[in-house]
Amino acid sequence: QVQLVESGGGPVQTGDSLRISCAASGRTLSGYAVAWFRQAPGAEREFVAGFSRTGGYTYYGDSVKGRFTISRDSGKSTFYLQMNSLKPEDTAVYSCAAGNRVITSALRNYRAYDFWGQGTQVTVSS
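This text gives an overview of the structure that appears in the document. Everything numeric here is computed off the predicted structure, so don't read it as measured data.

Some thoughts on the pairing of strand S4 (residues 33-39)
(1) Moving on: Taking burial as the measure, the 7 residues of S4 include 6 buried ones, the bulk of the element.
(2) Moving on: Relative to strand S5 (residues 46-51), S4 runs antiparallel, the two sharing 5 bridges. From the neighbouring strand, Phe37 faces S5, where its bridge partner is Phe47.
(3) Moving on: Connecting the antiparallel pair S4 and S5 is a turn made up of 6 residues, with Gly42 showing a positive phi of about 75°.

Here it is, written out as structure tokens:
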């Protein structure tokens, strides 16, 4: 069992930067695909960014490409989402996810992940 805990969300202004974290308890995430998803009120869950199981490739949603960066610590038990140039449309609950059976072609599909954090709210005001 993998437990994930997000932290670092909060209210920010347009153009600000924010880093949110996801910590895995009790184990590293080596061999797991990890990803960030977000969901705004009334909207579907959206893929934001993710690492493949090997960790060798990163993927981004089109709406955040060039502004957000996913990274992980060398121990692979914590990963991050650095968000720059934030916009009001980035407002959402951001959730981290992990899975050790996620194939690369399914990385953007939230149904492929077995473990989820509780979510952290990011609110960008204009």
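Some points on the state of the cysteines
(1) Moving on: This model, assessed by the stated rule, comprises 1 disulfide.
(2) Moving on: One disulfide bridge connects Cys22 with Cys96, the sulfur atoms lying 2.0 Å from each other. The disulfide joining Cys22 to Cys96 has a torsion of about 65° about its S-S bond and is therefore right-handed. Note that Cys22 is positioned in strand S3 (residues 18-25) and Cys96 in strand S9 (residues 92-99), a separation of 74 residues in sequence. Both residues of the pair, Cys22 and Cys96, count as buried.

The rules behind each value
- Residues numbered from 1 in each chain as written.
- Predicted model: local features only at pLDDT ≥ 70, side-chain atom pairs only at ≥ 80, totals over all residues.
- Heavy atoms only, no water.
- Buried < 20%, exposed > 50% of the residue type's maximum accessible area, 1.4 Å probe, protein only.
- Helix = DSSP H or I, 4+ residues; strand = E, 2+ residues; numbered from the N terminus.
- Pairing = 2+ DSSP bridges.
- Disulfide = S-S within 2.5 Å.

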